[in-house]
Amino acid sequence: MSHASPRPMESSASSDTTPALLELEHVTKRFGGLPAVDDLSFAVREGEVLGIIGPNGAGKSTVIGLIGGAIAPTSGSVRFAGRDVGRLSPHQRAHLGIARTFQITQPFVGLDVRENVIVGALFNGKGMSRAEAMRVADEVLERTHLAAKARLKGDELTVADCKRLEMARALAMQPRLLLLDEVMAGLVPSEVELAVRLIREINHSGVTVVVIEHIMKAIQGVSDRVLVMHFGRKIAEGSPQDVLSNQRVIEAYLGERYARMRRESAADTGLAPSDTMASGEGEDA
Ligand code: ADP
Ligand code: MG
């Protein structure tokens with residue numbers, strides 16, 4: 001794959017004729033009877049960036065777990081690259097090219113940042129030598145702006161650095177599909193901008209991405225398509241522009257407060273008056 005060949009945001013690298021890399025069909029996951037994910041179906045084409053938004057508790061992280069293999073579906077199928085992966089372990093799925101980050105960051109605390117990333121590289125199933133894994137790790141540390149912190153231990157990191165480390169570990173696995181669960185939470189706007197640029201670069205290098213995020217500017221900046229979840233279900237799906245101006249989404253998800261603020265700042269681009277979506281605030285859950 002060629003690196004850094006920019007494409008216009010609207011004309012996605014993938015078209016409707018590109019086969020799906022990832023397909024969820026009628027996937028349900030119940031925890032003790034309550035559905036966290038409820039009859040959810042969607043597909044992601046190779047080369048695409050799909051953004052998933054929705055209030056806290058909507059089931060977004062559960063979706064990531066279902067794709068990555070940490071969570072087994074109660075029913076329904078998860079297909080990746082044409083095969084049913086629904087019963088494969090996270091390890092087996094990593095070998096197929098699926099890498100994820102965790103919303104609650106989980107660095108190996110005894111290891112420093114570089115060692116954490118090397119573990120990611122060694123985990124990618126390509127049978128890398130230790131020397132090769134170190135080379136990959138150093139390259140990823142540069143890309144994720146962590147090189148200067150390579151020697152810090154996992155428990156010496158700021159929240160923002162933990163997020164970067166999550167991303168770096170996943171990237172070191174050289175995935176075909178990258179699943180990002182709120183990697184921008186806690187970042188200041190300039191850091192968000194860097195993260196958005198990084199995700200776009202990763203995508204341009206050939207990686208398909210599913211990104212969960214509350215920061216609307218970030219979702220708009222990276223997503224070819226946006227899916228909205230509410231109570232485990234899909235309530236909208238489409239271009240970022242269409243989805244974020246969808247009245248049902250605005251009211252069901254963003255809440256009354258957002259709808260009112262949006263009306264009051266009607267002259268803007270149709271975006272949130274604030275950068276960050278109220279995570280569940282103001283909705284009727
Ligand atoms: P989101 O990431 O959109 O905030 P989650 O996928 O984390 O939502 O959670 C969806 C729902 O499933 C929530 O009601 C949550 O409490 C519940 N849930 C998630 N994981 C578990 C679990 N391991 N055991 C029991 N309930 C869970
Ligand atoms: Mg979550």
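These numbers were taken from a predicted model, which means no experiment stands behind them.

A. Summary view of unusual backbone geometry. In this structure, His145 takes a positive phi of about 60° despite not being glycine. Assignment of secondary structure puts His145 in the loop between helix 4 (130-143) and helix 5 (159-172). Residue classification places His145 among the partly exposed positions, given that 16 C-beta atoms sit within 10 Å. Even without being glycine, Phe231 reaches a positive phi, approximately 50°. Here Phe231 is to be found in the loop between strand 9 (225-230) and strand 10 (233-238). According to the C-beta neighbour criterion, Phe231 is partly exposed, with 17 such atoms within 10 Å.

B. Layout of the site of ligand 1. Neighbouring ligand 1 are Phe31, Ala36, Gly54, Asn56, Gly57, Ala58, Gly59, Lys60, Ser61 and Thr62. Its residues placed into classes, the shell around ligand 1 shows 3 nonpolar, 6 polar and 1 charged.

C. Looking closely at the sheet that holds strand 9. Within the open sheet, the 6 strands sit side by side as 6-7-8-3-9-10. Their pairing is mixed. One side of each edge strand has no neighbouring strand; the edge strands of this open sheet are strand 6 (98-100) and strand 10. Within the sheet, the average angular offset between the axes of one strand and its neighbour, ignoring direction, is 15°. Judged from the 4 bridges that link them, strand 3 (residues 49-53) and strand 9 form a sheet pairing that is parallel. Bridge assignment links Leu50 to a residue of strand 9, and that residue is Arg225. In the packing of helix 1 (residues 60-68) onto the sheet, contacts are made with strand 3, strand 6, strand 7 (177-181), strand 8 (208-212) and strand 9, and the angle to strand 7 comes to roughly 150°. Contacting strand 3, strand 7 and strand 8, helix 6 (residues 189-204) crosses the sheet at an angle of about 155° to strand 8.

D. Molecular detail of the sheet that holds strand 1 (residues 20-31). Here we have 4 strands laid out as an open sheet, ordered 2-1-4-5, and antiparallel in their pairing. In the strand order of this sheet, the two ends are held by strand 2 (34-45) and strand 5 (83-84), each with one partner. Two strands pair when backbone bridges link them, and strand 1 and strand 4 (residues 75-80) are joined in this way by 5 bridges, in the antiparallel orientation. Counterpart to Leu24 in the pairing with strand 4 is Val78.

Parameters and conventions
- Residue positions within a chain follow its written sequence, with the count starting from 1.
- Chains and ligands are labelled sequentially in the order written, the chains with letters from A and the ligands with numbers from 1.
- Note on the predicted model: pLDDT of at least 70 is required for a residue's local features to be given, and 80 or more for side-chain atom pairs to be given and counted; whole-chain, interface and lining totals, by contrast, use all residues.
- Secondary structure elements follow DSSP: runs of H or I no shorter than four residues count as helices, runs of E no shorter than two count as strands, and numbering proceeds from the N terminus.
- Neighbour counting defines burial: a residue surrounded by 20 or more other C-beta atoms within 10 Å of its own C-beta is buried, one with 12 or fewer is exposed, and intermediate counts give partly exposed, using backbone-placed C-beta atoms.
- Working rule for contacts: place C-beta from the backbone, and if it is within 6 Å of a molecule or strand, that residue counts as near it.
- Three classes are used: nonpolar for Ala, Val, Leu, Ile, Met, Phe, Trp, Tyr, Cys and Pro, charged for Asp, Glu, Lys and Arg, and polar for all others, with Gly counted as polar.
- Strand pairing requires that DSSP identify at least two bridges connecting the strands.
- Interaxial angle, 0 to 180 degrees, is taken between N-to-C directions of lines fitted to C-alpha atoms, where a helix line uses only the stretch in contact.
- A residue pair is marked as a contact if its C-beta atoms, positioned from the backbone, fall within 7 Å.

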